[in-house]
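Residue-level structure breakdown
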Amino acid sequence: MYAVIMAGGSGTRLWPLSRRGTPKQLLALTGDTSLLQQTVARLDPLLRPHDIYVITSQAHVRATQDQLPQLPPDNVLGEPLARSTAVAAALATVIAKRESDEVGIVLPADHFVSDDEAFVEALREAARVAERGFLVTLGVVPTHPATGYGYIKTGERLHPSSDTTAVDRFVEKPDPAAASSFLDEGGYLWNAGIFAWRTYAFRQALERFQPELATAMDRIEALHRTPGWMSEVRDLLEPIDAITIDTGIAEPAAAEGRMAVVPLRAGWSDIGSWSALLEALSTATGADLVASGRHLDRGSHRVLVHGGDRLVVTVGLEDVIIVDTPDALLVCHRDRAEEIKPVLDEIAGTAGDRYL
């Protein structure tokens, strides 16, 4: 068994801490180590270091290697061109050259999990199901009607003694009314974007659902890995559309009855925004005010403060995000944390790239 950790995201919704040079997976947002380091450590009970691969942008290869000295340097793969998750997973699988009947786990580098043991057990179950030829995903048991995640509608159980089911269908991010109806109805899970499959099963899925990508992978596999060979890889990937695993592989596989889902109860969050980080840390710690750096508070609730050496004082605030960095300060209502992304376009237009 092996794992491919996808670490190519930019994390713009966690600005001003997450920047182009330091994307969120390289930041210590939920503890003393980065989200990427936590993801790798979470796999310790399952895999040896040489069975773990990280695919990231070429610009972040050195920083990723520095954070993960336990991995062989060649296991950190520099993606020459960003083409979304299906392309990244396919490229990493080809470069890793694993056996066709091995189970591969594919997971993002920037998620938060409060119960590592439950997470590992879910991966073990996913691997067992993948050994039977299924493409498998983990579905998070929802705790509230979230609108920021896609959902998975579960089908029939694969075995009476297991909670693992077939995937009936994938559902796009819902509006609040639909999300509430999903929880009332039951049988819906959050889509965590974590997958397991035998290498040959994934390759067959590529050939069936994404033949152009499969052909590009055949050509990449045949390349001689001489110095500068990644420029040839780039040329082969250039005409390929950006394809996610969800829409390009999982959805059509589910329609043919080839997808299974393992329910996950492990305190999971994708840390997709400052609001999501506040929610995850509040749930994990039981505190409704989460602060780092030098901070003093009087009577504030549901507040996140991410600071540094400068003292930040909060008095009587509710539902506020404060992120203080040396060159930029963010203050916003927690319910509007998703609006950071369009604000960055304004910043780029007025101040250039210096703050990005």
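Data block above holds the structure.
Residues numbered from 1 in each chain as written. Predicted model: local features only at pLDDT ≥ 70, side-chain atom pairs only at ≥ 80, totals over all residues. Heavy atoms only, no water.

**Brief notes about the pairing of strand S15 (residues 312–315)**
A one-sided burial pattern is seen for S15, the buried positions being Val312 and Thr314 and the unburied ones Val313 and Val315. Where strand S13 (residues 295–298) lies against S15, 4 bridges are found, and the strand directions are parallel. Among the inter-strand pairings, Asp297 is bridged to a residue of S15, identified as Thr314. (Buried < 20%, exposed > 50% of the residue type's maximum accessible area, 1.4 Å probe, protein only. Helix = DSSP H or I, 4+ residues; strand = E, 2+ residues; numbered from the N terminus. Pairing = 2+ DSSP bridges.)

**Topic: empty space enclosed by the protein**
Scanning the model with the defined rule gives 1 cavity of 30 Å³ or more in all. Here the largest cavity defines a volume of roughly 40 Å³. Looking at the lining of the largest cavity, the elements with two or more residues in it are helix H1 (35–42) and strand S4 (103–108). Looking at the lining of the largest cavity residue by residue, the class counts come to 6 nonpolar, 2 polar and 1 charged. (1 Å grid on protein atoms, 1.4 Å probe; cavity = no way out; pocket = protein on both sides within 12 Å on 5 of 7 lines; lining within 4 Å. Points joined across faces, edges and corners; volume = space filled by probe spheres on them. Nonpolar A, V, L, I, M, F, W, Y, C, P; charged D, E, K, R; others polar.)

**Focus: the pairing of strand S2 (residues 52–57)**
Counting buried residues in S2 gives 5 out of 6 residues, a clear majority hidden from the surface. In terms of strand pairing, strand S1 (residues 2–7) meets S2 through 5 bridges, oriented parallel. Residue pairing for S2: Met6 is matched across the bridge by Ile55. Read as a crossover between parallel neighbours, the route from S1 over H1 to S2 is right-handed. Looking at chain direction, S2 and strand S3 (residues 76–79) are connected through 4 bridges and run parallel. Bridge pairing in S3 links Ile55 to Leu77. Note that the unit made of S2, helix H2 (residues 61–67) and S3 has a crossover that is right-handed. (Right-handed = clockwise from strand over helix to strand, strands pointing away.)

**Thoughts on the layout of surface pockets**
Sizing a probe to match a water molecule and rolling it over the atoms shows the empty space that remains. In this structure, the second largest pocket occupies an estimated 300 Å³ of space. Contributing to the lining of the second largest pocket are 15 residues, with Asp74, Val76, Leu77, Ile95 and Met230 lying nearest its centre. Going through the elements one at a time, H2, S3, helix H3 (84–96) and helix H8 (229–237) are the ones with two or more residues in the lining of the second largest pocket. Looking at which element gives the most residues to the lining of the second largest pocket, the answer is S3, with 3 residues. Here the residues of the lining of the second largest pocket are counted per class, giving 9 nonpolar, 4 polar and 2 charged.

**Some words on the environment of Ser114**
Mapped onto the secondary structure, Ser114 falls in the loop between strand S5 (112–113) and helix H4 (116–130). Classification of Ser114 as partly exposed rests on a relative accessible area of 45%. Measuring from C-alpha to C-alpha, the distance between Ser114 and Thr283 comes to 9.1 Å, with 169 residues separating the pair along the chain.

**Comments concerning H4**
For H4, built from 15 residues, the straight-helix expectation of 21 Å at 1.5 Å per residue is met to within 8% by its first-to-last C-alpha distance of 21 Å. For H4, every residue scored as buried is listed here: Phe119, Val120, Ala122, Leu123, Glu125, Ala126, Ala127, Val129 and Ala130. At the N-terminal boundary of H4, the capping side chain belongs to Asp115, with an oxygen 3.3 Å from the backbone nitrogen of Glu117. (Expected span 1.5 Å × (residues − 1). Polar contact = N/O pair within 3.5 Å; in protein donor to acceptor, adjacent residues only side chain to side chain.)

**Observations regarding the sheet that holds strand S17 (residues 329–333)**
The 4 strands are arranged S12-S14-S16-S17 in an open sheet whose pairing can be described as mixed. Each having just a single partner strand, strand S12 (289–292) and S17 make up the two edges of the open sheet. Adjacent strand axes in the sheet meet at a mean angle of 10 degrees when their direction is disregarded. Direction of pairing for S12 relative to strand S14 (residues 301–306): parallel, over a ladder of 4 bridges. Bridge assignment links Ala291 to a residue of S14, and that residue is Val305. Contacts from helix H10 (residues 274–285) reach S12, S14, strand S16 (318–324) and S17 within the one sheet, and its direction differs from that of S14 by about 110 degrees. (Axes fitted to C-alpha atoms, helices over the stretch in contact; angles between N-to-C directions. Contact = heavy atoms within 4.5 Å.)

These figures come from the coordinates and say nothing about function on their own.
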